[in-house]
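Working through the structure, step by step
Okay, here's what each chain looks like letter by letter:
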Amino acid sequence: MINKLCEKIKKLGAPVVAGLDPMLSYVPEHILKRSFEEYGETLKGAADAIWQFNKGIVDSVCDLIPAVKPQIAMYEQFGVEGMEAYKKTVDYCHEKDLIVIGDVKRGDIGSTSAAYATGHLGRVQVGNTVQKVFDEDFATVNPYLGTDGIKPFVDVCKEEKKGIFILVKTSNPSSGEFQDRLMDGRPLYEWVGEKVAQWGEACMGDSYSYVGAVVGATYPEMGKVLRKVMPKSFILVPGYGAQGGKAADLVPYFNEDGLGAIVNSSRGIIAAYKKEPYAKFGAENFGEASRQAVLDMIADINGALQAHI
Ligand SMILES: O=c1ccn([C@@H]2O[C@H](COP(=O)(O)O)[C@@H](O)[C@H]2O)c(=O)[nH]1
């Protein structure tokens, strides 16, 4: 899958991933009304609304980008019905030939990590049958439990030709509380980055490892260092747009080959119609607004990359 990700990025000229983080407050009124009329103001109504919203966005942007990143929390908040909307979204994105990065941030003791890896990336045995479950292509993984929390994911990825992105330096304001703490004179995120590079060595695709990293767009100096620490790891970069990350700062996250990083925007794309300069599209045309936001983001990032050649 890492090879497919690289090929799609090159073909589309778009190192961009659209984050599918559908809060109900982003769902346009006409969709909400329809779903509530059909299912009432229930969890099922909410789940239907976010699914219809996602479908509209995916239809509008699927030819422009290589991948989407559904954030599972946004679905989980609506319980079982929300999780059905998550699964429907994953399957629909696959139908549209999009690579799906499940932002699930899992990781636990070995046996529990194995179950998470099975559910999200692998196949579960039920009696004599073996079946895929959520079936994302990549999952985000929390490294706090160390190697035995990561290994089950790597094993499943090897079997299924899928991949993971391990949290190394997150984009949020408090990420430094633990991640920047010095250990033997070096910040924890560097130690984790080094470990990601090691874990990834035995997991190489053609040019990049399928064990990648998450490094926030909001810490460009650290991104620059981490690119060097993990030269073969693909970096998933959240924090562009709504969290303040700027394209010009992201150039060092990429390698000389123009690859090595994929930049996520969630609210900036899916809720584009609510904000300038996209408000002119109106809520009825939310998909068109998202499409324009994606086109602008691609141009912004490519512009920054070209300016540094
Ligand atoms: O360090 C991290 C890791 C994950 N995220 C997730 O990415 C998106 C960002 O959403 P925006 O609307 O583009 O800010 C969201 O799903 C986060 O949970 C992150 O932001 N930072």
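Note that the structure is predicted; figures quoted are calculated from it, not measured. Residue numbers restart at each chain and count upward from 1, following the sequence in its written direction. Since the coordinates come from a predicted model, pLDDT governs what is reported: local features require at least 70, and pairs of side-chain atoms require 80 or more to be given and counted, while whole-chain, interface and lining totals use all residues. Hydrogens and water are ignored here; the side-chain numbers use all heavy atoms of the structure.

1. So, the site of the ligand
Which entries qualify depends on this criterion: Here a residue is considered near a molecule or strand provided that any single heavy atom belonging to it is located within 4 Å of it. Polar contact criterion, stated in full: a pair of N or O atoms within 3.5 Å, where within protein one must be able to donate a hydrogen and the other to accept it, and residues adjacent in sequence count only if both atoms are side-chain atoms. Computed with a 1.4 Å probe, the accessible areas rest on the Shrake-Rupley method; for each residue, only the protein chains presented here act as cover. Numbered from the N terminus, helices here are DSSP runs of H or I no shorter than four residues, and strands are runs of E no shorter than two. Ten residues, namely Ala, Val, Leu, Ile, Met, Phe, Trp, Tyr, Cys and Pro, are considered nonpolar, four, namely Asp, Glu, Lys and Arg, are considered charged, and the remaining ones, Gly among them, are considered polar.
Asp21, Ser171, Gln243, Ser266 and Arg267 are the nearest of the 15 residues found near the ligand. Here serine 171 contributes a side-chain N or O atom positioned 2.6 Å from a nitrogen atom of the ligand. The separation between an oxygen atom of the ligand and a polar side-chain atom of glutamine 243 is 2.8 Å. Burial of the ligand by the protein amounts to 87% of the accessible area it has alone, namely 470 Å². When residues of the shell around the ligand are traced back to their parent elements, those giving at least two are strand E3 (99-106) and strand E12 (261-265). Classifying every residue of the shell around the ligand by side-chain character gives three nonpolar, seven polar and five charged.

2. Overview of the UniProt feature "domain: Orotidine 5'-phosphate decarboxylase" (unreviewed entry) in the protein
Selection criterion: UniProt positions are given in the numbering used here, feature names are shortened, and annotations may be inferred rather than shown by experiment.
Residues given the UniProt feature "domain: Orotidine 5'-phosphate decarboxylase" (unreviewed entry) here are residues 15-281. Between the end C-alpha atoms of residues 15-281 the distance is 25 Å, and the span holds 43% helix and 21% strand.

3. What to know about the packing of aromatic side chains
Rule in force here: Pairing of aromatic rings covers Phe, Tyr and the six-membered ring of Trp, with a centre-to-centre limit of 6.5 Å; geometry is then stacked below 30 degrees between planes, edge-to-face above 60, and tilted otherwise. When a residue's accessible area, from a 1.4 Å probe over protein chains only, is under 20% of the maximum for its type it is buried; when over 50% it is exposed; and in between it is partly exposed. Lysine and arginine charges are scored as sitting over a ring when NZ or CZ, respectively, is within 6 Å of the ring centre and within 35 degrees of the ring normal.
Tallied over the full model, the rule gives six aromatic pairs. Judged by centre distance (5.3 Å) and plane angle (40°), the ring pair of phenylalanine 53 and phenylalanine 286 falls under tilted. One end of the pair, phenylalanine 53, is in helix H3 (residues 43-61); the other, phenylalanine 286, is in helix H13 (residues 286-307), with 233 residues separating them in the sequence. Neither phenylalanine 53 nor phenylalanine 286 differs from the other in exposure class; each is buried. Relative to tyrosine 86, the ring of tyrosine 75 has its centre 5.2 Å away and its plane inclined at 75°; by these criteria the two rings are edge-to-face. Placement of the pair is tyrosine 75 in helix H4 (residues 72-76) and tyrosine 86 in helix H5 (residues 79-95), with a sequence separation of eleven residues. The structure contains a cluster of three or more aromatic residues connected by ring pairs, namely Tyr75, Tyr86 and Phe134. For lysine 169, the ring lying beneath its charged end belongs to tyrosine 219, and the centroid distance is 4.1 Å. The ring of tryptophan 191 is capped by arginine 186, whose NZ or CZ atom sits 4.8 Å from the centre of that ring.

4. Re the nonpolar core
Applicable threshold: Buried Ala, Val, Leu, Ile, Met, Phe, Trp, Tyr and Cys residues that are joined via side-chain atoms within 4.5 Å together make up what is termed a nonpolar core. Throughout, a contact is declared for two residues whenever any of their heavy atoms are within 4.5 Å.
Counting 105 residues, the largest nonpolar core has Leu5, Ile65, Ile164, Met230 and Phe234 as the members making the most contacts within it. Discounting residues that sit within four places of it in the chain, leucine 5 has contacts with Pro66, Ala67, Ile99, Phe138, Phe165, Phe234 and Ile262.

5. With respect to the environment of asparagine 255
Within the fold, asparagine 255 resides in the loop between helix H11 (247-250) and E12. Along the primary structure asparagine 255 and proline 231 are separated by 24 residues, whereas in three dimensions their C-alpha atoms are 7.7 Å apart. Once residues within four sequence positions are removed from consideration, asparagine 255 is found in contact with Tyr208, Arg227 and Pro231. In this structure the side chain of asparagine 255 is engaged in a polar contact, spanning 3.1 Å, whose partner is the backbone oxygen of proline 231.

6. What to know about the packing of helix H9 (residues 188-201) against helix H10 (residues 220-229)
For clarity, the cut-off: Orientation is described by lines fitted to C-alpha atoms, with helices fitted over the stretch in contact, and by angles between N-to-C directions that extend from 0 to 180 degrees. Angles below 35 degrees are treated as roughly parallel, those above 145 as roughly antiparallel, those between 65 and 115 as roughly perpendicular, and all remaining angles as oblique. Less than a right angle of anticlockwise turn of the near helix away from the far helix marks a crossing as left-handed, whereas a clockwise turn marks it as right-handed.
Viewed as axis vectors pointing N to C, H9 and H10 meet at an angle of 30°, and their least axial separation amounts to 9 Å. Taken together, the axis directions place H9 and H10 in an arrangement best described as roughly parallel. The way H9 lies across H10 gives a crossing that is right-handed. Along the contact surface, H9 presents Tyr189, Glu190, Gly193, Glu194 and Ala197, while H10 presents Met222, Val225, Leu226 and Val229. Here the residues of the contact of H9 with H10 sort into six nonpolar, one polar and two charged.

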